[in-house]
Amino acid sequence: MDFLFLKRHYKIVAAIFITVGALLAAVFTQGQLKSGQTTDWLDVLGEGGIFVMTAVWLFFLLASRPAGKVTYLLSIGLTCFLCSSLLDLTDEFVSYPSKEFWLYWIESLPALVGMVLMTWGLYQWHHEQLKLHQQLSRREAFYREHSQIDYITQLYSADYMRDHLSQLIAEQQNYALAMLDIRNFAEFNRRYSTQDGDRLLREVADLIVMNLRTADLACRYAGDRFIIVMPNTELAEAQEVCEQIQQAVKSLAFKPNGNNKAVYHKIATAVVLSEPAQQFEQVIRQVNLALEK
Amino acid sequence: MSKFATPVIYADSKCLPLQHLPTSIIDLALSRGVYPEKILRGSGIFLQDLTAEGAAGKQLTSPEQVIKLLDKTKQYITGYDSSFLLGQRLLPGQYGAFSQALQHATNLAELLKVFAHYQSLINPFIGCELRTSQQQLHLYFYDAIGLTEEQYIYLLEVVLTALTSCIKYLTNSKIKMHYQFKHNRPRYIQEYEENLGFNLAFDQLADVVSIDKTKLKQNFRFTSPIKQQLAMQQLAQTSVAQPFLQQIRNMIRKNRSLTLEELALRLDMSPASLKRKLKQHKTRFLAIQDQQQKEKVIHWLRYQSYTNEQLANKLGFNDLANFRRAFKRWFNMTPSGYKSTYLNNLNQLSEY
């Protein structure tokens with residue numbers, strides 16, 4: 001596992017440790033240790049489990065989110081919740097001077113504050129997600145499946161495209177399917193290096209996405225083959241988009257590593273329209289064969 | 001007692017240079033953002049061996065170790081393309097005389113002969129046997145070291161991609177090749193299409209690549225008869241080690257009535273230790289024998305349209321009843337059932 005953001009959150013992590021430390025110090029200086037016989041171990045297990053799991057949530061939250069308002073809200077909220085569950089847990093071992101002691105009194109308060117903060121954070125997260133979805137348009141359709149993202153191009157893979165197509169068929173939408181393939185890519189790979197080949201794939205993928213309309217979706221099919229799904233599109237329109245991509249790739253002056261001389265590339269394209277209720281595998285086959293010619 | 005001059009490669013024989021496949025695997029892992037340590041763990045290969053100057057050339061790994069690496073590769077590298085990526089640049093490669101002989105071949109016929117003869121130099125995992133029919137040349141592939149089905153399919157993808165992309169590179173054109181596979185159509189069919197082409201048939205009886213004889217005279221871009229001849233002479237002088245199961249197969253092919261005891265005698269080991277060795281390589285004597293016969297039947301029925309009498313005769317059966325019984329054991333069906341299952345829809349198969 002690669003905990004991308006954890007190091008950047010050192011201030012939050014420090015604040016959490018200080019809070020929890022201070023709380024523990026307060027509990028053990030103010031309260032008195034109970035004798036072992038009165039401990040209810042089932043309670044300890046339940047409350048301890050909640051404490052540990054909350055800590056794990058907090059950890060993954062910090063490990064996977066960049067800094068920002070949403071992250072602050074969620075982490076402060078979770079920390080409050082963590083404090084409540086800690087007090088709950090220490091209750092089992094420590095008794096306080098009186099029923100009205102302040103540590104009793106605040107036991108459930110942080111949890112409520114935490115839940116309010118987290119709710120607000122989740123609402124903000126929702127807005128953030130809408131913005132992100134806009135950023136991802138043409139790369140992502142209506143659902144997210146991170147295991148299907150291709151490592152090299154950061155586009156979705158053929159599996160995702162198949163799922164998307166069956167979704168379109170279920171909604172009885174027609175679509176145009178375009179297949180693109182970089183000419184002489186294997187040759188280029190052998191001549192330069194796979195690193196250059198990978199970078200070329202990434203850059204061509206970016207160019208493809210830049211030339212798409214917002215409703216279109218581009219995926220990496222296999223090797224140097226890309227596939228574009230264009231819902232409710234006429235053949236002429238789809239072909240126009242393909243030509244625009246061809247133009248864009250043609251003017252890409254790609255410089256292989258350690259080379260000042262640019263290498264230019266061409267791509268071949270083919271477009272096929274789906275027919276109502278046609279199996280998508282058949283459409284894919286058609287467009288594949290059209291590209292072979 | 002005749003001892004074999006050619007050395008044998010067992011699953012645990014150290015025979016593969018670290019700089020070949022293992023290095024390609026690690027390179028692939030790195031380009032996919034996977035820590036090489038993860039893939040090397042438990043394989044007995046260490047990262048410092050790979051990077052140590054000069055050491056990588058000398059250090060050897062066993063088929064077993066490389067298979068372990070491949071299992072891990074499959075586990076850690078996401079996507080379906082790792083076997084194909086490994087295959088893409090394997091050939092002609094830099095394997096000395098073998099690569100030279102491939103690279104400077106005059107035509108496809110020559111290249112395929114060199115490949116079928118000497119490919120075990122770089123690939124002790126999957127064996128390859130050349131057969132001909134009236135119109136085509138066929139390469140039959142089989143497990144030569146004892147692999148699980150999953151490992152076999154993965155390595156077959158590597159080998160076929162290597163061969164196909166090498167031919168494409170050397171002829172600078174697309175040569176139509178036909179592929180038959182024993183396994184069923186994979187979900188990641190796009191990788192097969194991209195790397196091997198569209199003439200694919202799955203659920204077949206053997207793993208075969210077929211090329212029309214008319215294509216065999218196709219010229220190559222780096223043809224050089226002198227360099228090729230030199231390379232061939234060099235190859236002829238080296239003793240080509242054979243993977244264990246390939247060796248057994250070849251011996252059984254030369255003498256089909258060979259018994260386990262005779263085979264053990266020829267290999268200079270006791271029947272018990274031969275049995276144990278075979279078990280270590282995930283097979284039995286009878287299975288190899290059957291496999292041989294089966295493959296012949298498959299080939300003859302598909303490409304020569306022999307009658308049952310001719311088949312029985314060719315395989316050395318004394319009477320037809322015995323042949324039929326054996327046939328049923330091999331294919332779980334009668335010869336006529338076989339014909340209607342596998343031979344009536346041939347045209348559909350070759351069409352895609």
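Residues numbered from 1 in each chain as written. Chains lettered and ligands numbered in written order. Predicted model: local features only at pLDDT ≥ 70, side-chain atom pairs only at ≥ 80, totals over all residues.

Caption draft 1: Geometry of the overall build of chain B. From N to C terminus, chain B includes 19 helices and nine strands. Relative to the compact-globule value of 20 Å for 352 residues, chain B shows a C-alpha radius of gyration of 21 Å, a close match. Projected onto the principal axes, the alpha-carbon positions of chain B cover approximately 65 × 50 × 45 Å. Looking at chain B alone, contacts between residues at least 24 apart form 69% of all its contacts between residues at least 6 apart. (Helix = DSSP H or I, 4+ residues; strand = E, 2+ residues; numbered from the N terminus. Rg over C-alpha atoms; globule rule 2.2 N^0.38 Å. Contact = placed C-beta atoms within 7 Å.)

Caption draft 2: Broad picture of the confidence of the model for chain B. Residues and elements named next belong to chain B. Averaged over all residues, the pLDDT of chain B equals 88, while 94% of them reach at least 70. Confidence over residues 347-352 falls short of pLDDT 50; this stretch has five contacts with residues more than four positions distant or in other chains. In the predicted assembly, ipTM is 0.81 and pTM is 0.82. (pLDDT = per-residue confidence, 0-100.)

Caption draft 3: Seen up close, the UniProt feature "transmembrane region" (unreviewed entry) in chain A. Sites flagged by UniProt as "transmembrane region" (unreviewed entry) map to residues 12-29, 41-63, 70-90 and 102-123 of chain A. End-to-end, the C-alpha atoms of residues 12-29 of chain A are 26 Å apart, and along that stretch the chain is 100% helix and 0% strand. (UniProt positions renumbered as here; feature names shortened; annotations may be inferred.)

Caption draft 4: Looking closely at the interface of chain A and chain B. Contact residues are listed per partner, giving 17 residues for chain A and 17 residues for chain B. Elements supplying a minimum of two residues to the side of chain A that touches chain B: α7 (185-191), α8 (194-210), β4 (217-222) and α10 (280-292) of chain A. When grouped by side-chain class, the residues that make up the side of chain A that touches chain B number six nonpolar, six polar and five charged. (Nonpolar A, V, L, I, M, F, W, Y, C, P; charged D, E, K, R; others polar.)

Caption draft 5: How the structure looks around the domain arrangement of chain B. Residue and element names in this part refer to chain B. Structurally, chain B comprises domain 1 (8-237) and domain 2 (244-351). In this structure, domain 1 and domain 2 have C-alpha centres spaced 26 Å apart. Listed as interface residues are 18 residues of domain 1 and, on the opposing side, 17 residues of domain 2. For the side of domain 1 that touches domain 2, the elements supplying multiple residues, two or more each, are β1 (8-9), β4 (126-132) and β5 (136-143). In the side of domain 1 that touches domain 2, the residues fall into 10 nonpolar, six polar and two charged. (Domains from an automatic or database assignment.)

Caption draft 6: Structural detail: the pairing of strand β5 (residues 225-231) of chain A. Residue and element names in this part refer to chain A. Most of β5 sits inside the fold, with six of its seven residues counted as buried. The pairing of strand β3 (residues 175-182) with β5 spans seven bridges and is classified as antiparallel. From the neighbouring strand, A176 faces β5, where its bridge partner is M230. Of the strand pairs in this sheet, β4 and β5 are connected by five bridges, and their pairing is antiparallel. Note that in β5 the partner of A222 across the bridge is R225. (Buried ≥ 20, exposed ≤ 12 C-beta atoms within 10 Å, placed from the backbone. Pairing = 2+ DSSP bridges.)

Caption draft 7: Main features of helix α3 (residues 69-90) of chain A. For α3 of chain A, which comprises 22 residues, the first-to-last C-alpha distance of 32 Å matches the rise-based estimate of 32 Å (1.5 Å per residue) to within 8%. Where burial is concerned, most of α3 of chain A is hidden: 17 out of the 22 residues are buried. (Expected span 1.5 Å × (residues − 1).)

Caption draft 8: Structural detail: the domain arrangement of chain A. You can read the domains of chain A as domain 1 (6-136) and domain 2 (146-292). The C-alpha centroid of domain 2 of chain A is placed 47 Å from the C-alpha centroid of domain 1 of chain A.

Caption draft 9: Summary view of the UniProt feature "domain: HTH araC/xylS-type" (unreviewed entry) in chain B. Taking the UniProt record as the reference, the feature "domain: HTH araC/xylS-type" (unreviewed entry) is found at residues 242-341 of chain B. From the first C-alpha to the last, residues 242-341 of chain B spans 35 Å; its make-up is 75% helix and 2% strand.

Caption draft 10: Structural view of the pairing of strand β6 (residues 177-180) of chain B. Residues and elements named next belong to chain B. Relative to strand β8 (residues 207-212), β6 runs antiparallel, the two being bridged by four bridges. Residue pairing across strands places M177 opposite I211, the latter belonging to β8. Where β6 meets strand β7 (residues 200-201), two bridges bridge the pair, whose relative direction is parallel. Residue Y179 lies in a different strand from β7, and its bridge partner there is L200. Note on the crossover from β6 through helix α10 (residues 189-196) to β7: the handedness is right-handed. (Right-handed = clockwise from strand over helix to strand, strands pointing away.)

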